[in-house]
Amino acid sequence: MRSPSAFTFAGGEGLSLAAVAFLVTLLCGVPLALLFAIGLTSEGGLSLGPLADTLASRSVQRALWNSLESSFLSACLATVLGTVLALALGLTNVRAKAPLVFLILLPMMIPPHVTAIAWSQALGPASPVLQAVGLAPAAGAPHPVYSLAGLVALLSFQHMPIVFLVVRAGLRAFPRELSDAARVSGARAPRLLWRITLPLLAPSLLAGFVLAFVSALGNFGINALIGIPARYTTLPVLIWRRLAGYGPSVIGDVALISMLLGIVTLGLVAIQVLLQRRMRNALVGLPQQPLAVDLGRARLPVEASVWLMLAAALLLPALSLFATSLMRTYGLPLAASSLTLENYAEILFRQAVTLRAFANSTVAAALAALLIAGLSILLGYFLAMRRGIARRLAGLVAAQADVAYAVPGLVMSIAFILMFLRPLPVLGVSLYGTMAIILLAYVAVFLAIGLNSVMAAYMQVDASLDDAARVSGAGFFRRLVRIHAPLVAPAAASGAILVFLTSYNEVTVSALLWSSGNETIGTTIFNYEDGGYTTLAAAMSSITVVATVLVMLAVNGLARHVPAGAIPWKD
């Protein structure tokens, strides 16, 4: 029998792999290569001169420092909060873990600009909820959210679920024997935590910190809606301001600034990989269900603390958002005479821009989800079922998707403008300013989400199925359609739904790519809030929050058909 690698390019496999490699490289690799070419070349060839000139600007230096400062502080706070919650739910016998996990992960699925709007309305002098209970700040008092502390707090709250997921996954990978041996030897829970659990969790803590740092670095919604009133300009806001103010004529300038973001991001990821290799501890034994330490009398206070923290973090901004969406005018006291449904009627039936935004985002997010599901099934086959050059090439393709997901969305937007600003060769059509460029950007940025979900399913498929079908004469496409696609379809559907949820409300990618007639939900909400139409922004945000929660609940229906980990909030 021939070795698996001998079949690599038979029956259309080679052509399929070449096609997916070309498409992913075109969308992920080439745009970033163009971006870095601008920063590392000049008329005389390779040079760091353009990048050095950009760094010499005082506004860039200040924005870079602000980005690093706010990202570092928020990542530290997110790491502490996410780790504490992961330990509480992962190692103890607290009850109702499933709904708690759902609520902890909810902020991650809510768009950052909606989070910023909700909290600014919740804690300001015009807050309808605080006015109703007599706790609103005095008129004219500084808004507590419009400050460095407010910015850091919101970034931490937004990215805490990422740390929670990473640390929780690390806990689930522990072999139970280590903890059992320590407890038999007389170690109490605090000593067990300090001497065994936390040292072994070090790689997960580092990964969570870096992910929270990188996410905060590229976060546009919170940095813009909180940072601008606080006069605290970060790099994403500086890029948006220059491109929005001067148009594509400054694309070279903003490309160099966005390249700084890309360099910091990739540098952090590289440092994380190196440090994790040094921290790695070889564990003996199979991963098992983690400990359920009996908290005894402390269980009720611990449970109450977790529920109260989540209630304060979710209920106050949510109530303020919905209350504002029902107000005739923002700032009026909460009373029956102040309430109206006119804001919802305005955005759902009268404003053409909001109807276009809902339609554009729905179509773009749905198409991106379907394309990513198809690409993931095809690429995942070569990553999981093939050997030799086919797997190495597929791994290189997957690495491009990972890099495109890791760098901030604003950086990918600039890279896409560089790539598609000029008319396409042969066709003579420019994609800049159309929905097509936003759709392609979604596919490039969110491909890693769909691929990771599908790979979890492929890892559970026995390769002998493919070998048996091939020996029986089944060609590549027949094996893919009749065997592999049905087996990984639930995971692909789960990944597609996550892609849809992420891209449906996002604003970071589309903030620089939208144009009149091609608005998205995220850009429309941002423009309403930026233009002072607070009640309309609140009404549109409320609809997206409800839609997000409903989709998340609907995804639970797939839980029994997908491998563990495919749905983040399900075990």
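Conventions used here
- Residues numbered from 1 in each chain as written.
- Predicted model: local features only at pLDDT ≥ 70, side-chain atom pairs only at ≥ 80, totals over all residues.
- Heavy atoms only, no water.
- Helix = DSSP H or I, 4+ residues; strand = E, 2+ residues; numbered from the N terminus.
- Rg over C-alpha atoms; globule rule 2.2 N^0.38 Å.
- Buried < 20%, exposed > 50% of the residue type's maximum accessible area, 1.4 Å probe, protein only.
- Contact = heavy atoms within 4.5 Å.
- Areas by Shrake-Rupley, 256 points an atom, 1.4 Å probe, with all protein chains shown as cover.
- Salt bridge = Lys/Arg side-chain N within 4 Å of Asp/Glu carboxyl O.
- Axes fitted to C-alpha atoms, helices over the stretch in contact; angles between N-to-C directions.
- Parallel < 35°, antiparallel > 145°, perpendicular 65-115°, else oblique.
- Nonpolar A, V, L, I, M, F, W, Y, C, P; charged D, E, K, R; others polar.
- Polar contact = N/O pair within 3.5 Å; in protein donor to acceptor, adjacent residues only side chain to side chain.
- Phe/Tyr/Trp six-rings, centres within 6.5 Å; stacked < 30°, edge-to-face > 60°.

**Student:** Requested: an account of the overall build of the protein chain, with residues and values cited.
**Tutor:** Within the protein chain, the regular secondary structure consists of 22 helices and two strands. Relative to its length of 571 residues, the protein chain is compact, with a C-alpha radius of gyration of 25 Å against a globular reference of 25 Å. For the protein chain, buried positions account for 50% of its 571 residues. Counting only contacts in the protein chain whose residues sit at least 6 apart along the sequence, the fraction spanning at least 24 positions is 78%. Surface exposure of the protein chain reaches about 24900 Å², of which carbon and sulfur atoms provide 67%.

**Student:** Account for the pattern of salt bridges, naming residues and giving values.
**Tutor:** On inspection of all chains with the given rule, the structure shows ten salt bridges. When the shortest N-O distance is used, the salt bridge between Arg479 and Asp466 registers 3.0 Å. Of the two residues, Arg479 is situated in helix 20 (residues 476-505) and Asp466 in helix 19 (residues 463-471); the sequence distance between them amounts to 13 residues. The salt bridge partner of Arg470 is Asp467, with a shortest N-O separation of 2.6 Å. Of this pair, Arg470 and Asp467 both sit in helix 19, three residues apart, roughly one helical turn.

**Student:** Quick rundown of the packing of helix 14 (residues 342-350) against helix 15 (residues 352-385)? Include the residues and the values.
**Tutor:** One can describe the packing of helix 14 onto helix 15 by two numbers: an axis separation of 6 Å at closest approach and a directional angle of 70°. The orientation of helix 14 with respect to helix 15, classified from their angle, is roughly perpendicular. Contacts between helix 14 and helix 15 involve Glu346, Ile347, Leu348, Phe349 and Arg350 from the former and Ala352, Thr354, Leu355 and Phe358 from the latter. In terms of residue class, the contact of helix 14 with helix 15 is built from six nonpolar, one polar and two charged.

**Student:** Describe in detail the side chain of Ser156, supporting the description with residues and values.
**Tutor:** Structurally, Ser156 is set in helix 7 (residues 148-172). By relative accessible area, Ser156 is classed as buried at 1%. Within polar-contact distance, the side chain of Ser156 engages the backbone oxygen of Val152 at 2.6 Å.

**Student:** Explain the environment of Gly49 to me, using residue names and the numbers behind them.
**Tutor:** Mapped onto the fold, Gly49 is located in helix 2 (residues 49-56). As a C-alpha pair, Gly49 and Gly39 span ten residues in sequence and 8.0 Å in three-dimensional space.

**Student:** So what's going on with the packing of aromatic side chains? Which residues, and what values?
**Tutor:** All chains considered together, the criterion is met by 14 aromatic pairs. Here Phe220 and Phe526 contribute two aromatic rings whose centre-to-centre distance is 5.3 Å and whose plane-to-plane angle is 40°, an arrangement assigned as tilted. In this pair, Phe220 sits in the loop between helix 9 (189-218) and helix 10 (221-227) while Phe526 sits in helix 21 (residues 521-530), placing the two residues 306 residues apart along the sequence. One exposure class covers both Phe220 and Phe526, and it is buried. Summarising the aromatic geometry, the rings of Trp240 and Phe526 are spaced 5.3 Å apart at their centres and angled 85° between planes, so their arrangement reads as edge-to-face. With Trp240 in helix 11 (residues 235-246) and Phe526 in helix 21, this residue pair connects regions lying 286 residues apart in the sequence. Put simply, the rings of Tyr381, Phe382, Phe476 and Phe477 touch in pairs and so form one group of aromatic residues.

**Student:** I'd like a rundown of the environment of Tyr246, residues and numbers included.
**Tutor:** With respect to the element layout, Tyr246 can be found in helix 11. Looking at Tyr246, the relative accessible area reads 60%, which means it is exposed. Placed 25 residues apart in sequence, Tyr246 and Ile271 show a C-alpha to C-alpha distance of 36 Å.

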